[in-house]
Amino acid sequence: MKSQDYIALDERYGAHNYHPLPVVISWAEGCRVKDPEGRSYLDFLSAYSAVNQGHRHPKIVKAAKDQLDLSTLTSRAFHNDKMGLFLKKLCEFTGYENALPMNTGAEAVETALKAARRWGVEVKGVENGRQEIICVDDNFHGRTIAVISMSSDPDATVNYGPYVPGFRRVPYADAQAIEKAITPNTVAVIIEPIQGEAGVFVPPVGYLKAVREICTKNHVLFICDEIQTGFCRTGKRFAWEHEEARPDIMCLGKALGGGIMPISAIVADHEVMKVFTPGTHGSTFGGNPLASAIGMAALEVLVDEKLDENAERLGQLFRSELAKIACPRVTEIRGKGLLNAVVFEKGFEAWNVCISLRDAGLLAKQTHGNIIRFAPPLVITEAEIKEAIAIIKGVFEKIA
Ligand SMILES: *Cc1c(COP(=O)(O)O)cnc(C)c1O
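Residues numbered from 1 in each chain as written. Predicted model: local features only at pLDDT ≥ 70, side-chain atom pairs only at ≥ 80, totals over all residues. Heavy atoms only, no water.

Quick word on the sheet that holds strand 13 (residues 362-363)
Phase 1 of the analysis: Taking strand neighbours across the sheet as the criterion, the four strands line up as 1-2-3-13 in an open arrangement whose pairing is mixed. Strands with a single pairing partner mark the edges of an open sheet, and in this sheet they are strand 1 (27-29) and strand 13.
Phase 2 of the analysis: As paired elements, strand 1 and strand 2 (residues 32-34) share three bridges and run antiparallel to each other. When the sheet's bridge partners are listed, A28 is paired in strand 2 with V33.
Phase 3 of the analysis: Strand contacts of helix 14 (residues 382-396): strand 2, strand 3 (40-43) and strand 13, with the helix running at about 105 degrees to strand 3, the strand carrying the most contacts. (Pairing = 2+ DSSP bridges. Helix = DSSP H or I, 4+ residues; strand = E, 2+ residues; numbered from the N terminus. Contact = heavy atoms within 4.5 Å. Axes fitted to C-alpha atoms, helices over the stretch in contact; angles between N-to-C directions.)

Right under this line is the structure:
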């Protein structure tokens, strides 16, 4: 079968809830992927940062294969001999006292919202049913009904009502707006430290720290959704570390699964995590031994290969090389570490640019029409960054 045949199958049998770039991946390793025709591409999306450790990292693949020969799924009705080791490693990596494992990012966000609502009643003393959570414009936290109830994106929300109440939305990158929206019933503020899906929107310096301080002052939990920005993507283990704005709860996902399977979690200190008692929350698959073995290996690779330092160093190189490319339609280059975006002028359609990049051997996807995100696996080398820059330069310089 050829690429076009696989695409035809997706079109015929799938729901049309995505509009993928027309390319089929049938093999992947490190930063490279190949299609059924054998054409090779540099992956500059990394499955939205779920492949920070690179495709099929040998250490993570080995951990998965080894665990497949031992045990894979136990449910939480019984203990298994991997979950505790995984949670210990995750707590040590993040610097929190407790972790609660789930599967997808949206579930981690749901878990954080549930923790905050319970904490609001049981610790802060808010009447149940009156808890309020503050979120921000242009957020992306996932696709469940509760999570889209926070969204300001009509694509994500139209005709999915009734929406979940209890959220107040304020502008992003405006700490005063958060402070003004706080009431005695506010239990949490949830933000992405850099907005990924919104187009790699980096807030002004001082924002995260200000939000942290406002939350502390008002006895409100600060929740950071680090699902896309976490695990070394922005040059630090977590993006909040750029301002030492340690949140009360972190939502984690994507790269925690090492590019192999969906693994998510929240981490928090005992003071928050204690609100969960037997029967009050759960997941059949969360913390399963296969996921735990993979999650441990995923964390080890981040540390052993110093992927935070690699992201910082090569991110700077990437942005400075991008800035040298002459393209009058580009209005901004922004990002941190290896989470970067090129913004074209308003109204510009970047889809055709992504097609040209594909034809030249680099995969990236536009967001909001005029923004292209560039987020390669963090194991990328300097030579591969230069190869990518040459491809991007060739394509951008031909844009009229
Ligand atoms: C991808 C993402 C999610 C949702 O994760 P899923 O695994 O797709 O449910 C939530 N928050 C952020 C910031 C994300 O980038």
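Observations concerning the packing of helix 3 (residues 58-68) against helix 11 (residues 289-304)
Phase 1 of the analysis: Helix 11 packs onto helix 3 with a crossing angle of 160 degrees between their chain directions and a minimal axis gap of 9 Å. Taken together, the axes of helix 3 and helix 11 lie roughly antiparallel to each other. Remark: the crossing between helix 3 and helix 11 carries right-handed chirality. Contacts from K59, I60, A63, A64, Q67 and L68 in helix 3 reach P289, L290, A293, I294, A297, A298, E300, V301 and D304 in helix 11.
Phase 2 of the analysis: Along the lines of polarity and charge, the residues of the contact of helix 3 with helix 11 split into eleven nonpolar, one polar and three charged. (Parallel < 35°, antiparallel > 145°, perpendicular 65-115°, else oblique. Left-handed = near helix turned anticlockwise from the far one by under 90°. Nonpolar A, V, L, I, M, F, W, Y, C, P; charged D, E, K, R; others polar.)

Comments concerning the confidence of the model for the protein
Phase 1 of the analysis: In the predicted model, the protein carries a mean pLDDT of 97, and 100% of its residues have values of at least 70.
Phase 2 of the analysis: No element of the protein has a lower mean pLDDT than strand 14 (residues 365-367), which averages 93, and none a higher one than strand 9 (residues 249-252), which averages 99. (pLDDT = per-residue confidence, 0-100.)

A closer look at the side chain of Q195
Phase 1 of the analysis: Mapped onto the fold, Q195 is located in the loop between strand 7 (186-191) and helix 9 (207-217).
Phase 2 of the analysis: With residues near it in sequence (within four places) discarded, Q195 still touches V136, D137, D138, N139, Y172, V200 and F201.

Some thoughts on a nonpolar patch on the surface
Phase 1 of the analysis: On the surface, M1, Y6, L9 and Y13 cluster together to form a nonpolar patch covering roughly 460 Å² of accessible area.
Phase 2 of the analysis: One can find L9 in helix 1 (residues 3-13). (Patch = residues over 30% accessible without salt bridge, like charges linked within 9 Å, V, L, I, M, F, W, Y side chains within 5 Å. Areas by Shrake-Rupley, 256 points an atom, 1.4 Å probe, with all protein chains shown as cover. Salt bridge = Lys/Arg side-chain N within 4 Å of Asp/Glu carboxyl O.)

Quick look at the pattern of salt bridges
Phase 1 of the analysis: For the coordinates displayed, the defined rule picks out 27 salt bridges.
Phase 2 of the analysis: K82 is the salt-bridge partner of D81, the closest N and O atoms lying 3.4 Å from each other.
Phase 3 of the analysis: K82 gets classed as buried once you look at its relative accessible area, which sits at 15%.
Phase 4 of the analysis: Overlapping salt bridges, with partners in common, bring together K59, K89, E300 and D304 in one network. (Buried < 20%, exposed > 50% of the residue type's maximum accessible area, 1.4 Å probe, protein only.)

Some thoughts on the site of the ligand
Phase 1 of the analysis: As a matter of local geometry, the ligand sits amid T104, G105, A106, F140, H141, G142, E192, D225, I227, Q228 and K254.
Phase 2 of the analysis: Within the backbone of A106, a nitrogen or oxygen atom sits 2.8 Å from an oxygen atom of the ligand.
Phase 3 of the analysis: Separating an oxygen atom of the ligand from a side-chain N or O atom of Q228 is a distance of 2.8 Å.
Phase 4 of the analysis: Class assignment for the residues of the shell around the ligand results in three nonpolar, five polar and three charged. (Near = heavy atom within 4 Å. Polar contact = N/O pair within 3.5 Å; in protein donor to acceptor, adjacent residues only side chain to side chain.)

Focus: the packing of helix 12 (residues 307-323) against helix 14
Phase 1 of the analysis: Following both chains from N to C, one finds helix 12 and helix 14 inclined at 20 degrees, their axes separated by 10 Å at the closest point. It follows that helix 12 is roughly parallel to helix 14 by the angle criterion. Judged by the sense of rotation from one axis to the other, the crossing of helix 12 with helix 14 is right-handed. Within the contact between the two elements, helix 12 uses R313, L314, L317, F318, E321 and L322 and helix 14 uses E382, I385, I389 and I392.

Let's talk about helix 5 (residues 105-124)
Phase 1 of the analysis: Between the first and last C-alpha of helix 5 there are 27 Å, a value that for 20 residues agrees with the 28 Å anticipated at 1.5 Å per step.
Phase 2 of the analysis: Within helix 5 the residues assigned to the buried category are G105, A106, A108, V109, T111, A112, L113, A115, A116, W119 and G120.
Phase 3 of the analysis: One or two positions beyond helix 5, positive phi appears at G125, with a value near 90 degrees. (Expected span 1.5 Å × (residues − 1).)

Here we look at the domain arrangement of the protein
Phase 1 of the analysis: Domain boundaries in the protein define domain 1 (3-56 + 306-396) and domain 2 (58-304).
Phase 2 of the analysis: Centre-to-centre, using C-alpha coordinates, domain 1 lies 26 Å away from domain 2.
Phase 3 of the analysis: Across the contact, 30 residues belong to domain 1 and 31 residues belong to domain 2.
Phase 4 of the analysis: Between domain 1 and domain 2, roughly 2400 Å² of surface is buried when both sides are summed, and carbon and sulfur atoms account for 55% of that area.
Phase 5 of the analysis: If you sort the residues of domain 1 by the area they bury against domain 2, Q53, K336 and L339 come out on top, with a joint share of 27%.
Phase 6 of the analysis: Where domain 1 meets domain 2, there are one salt bridge. (Domains from an automatic or database assignment. Buried area = accessible area lost by both parts, 1.4 Å probe.)

Some words on the pairing of strand 8 (residues 221-225)
Side chains on a regular strand alternate between the two faces of the sheet.
Phase 1 of the analysis: Where burial is concerned, most of strand 8 is hidden: five out of the five residues are buried.
Phase 2 of the analysis: By the alternation rule, side chains of strand 8 split into L221, I223 and D225 and F222 and C224, which are all buried.
Phase 3 of the analysis: Here strand 7 runs beside strand 8; their pairing, made up of four bridges, is parallel. Counterpart to I191 in the pairing with strand 8 is C224.
Phase 4 of the analysis: Crossover connection from strand 7 via helix 9 to parallel strand 8: handedness right-handed.
Phase 5 of the analysis: Pairing geometry for strand 8 and strand 9, over three bridges, is parallel. (Right-handed = clockwise from strand over helix to strand, strands pointing away.)

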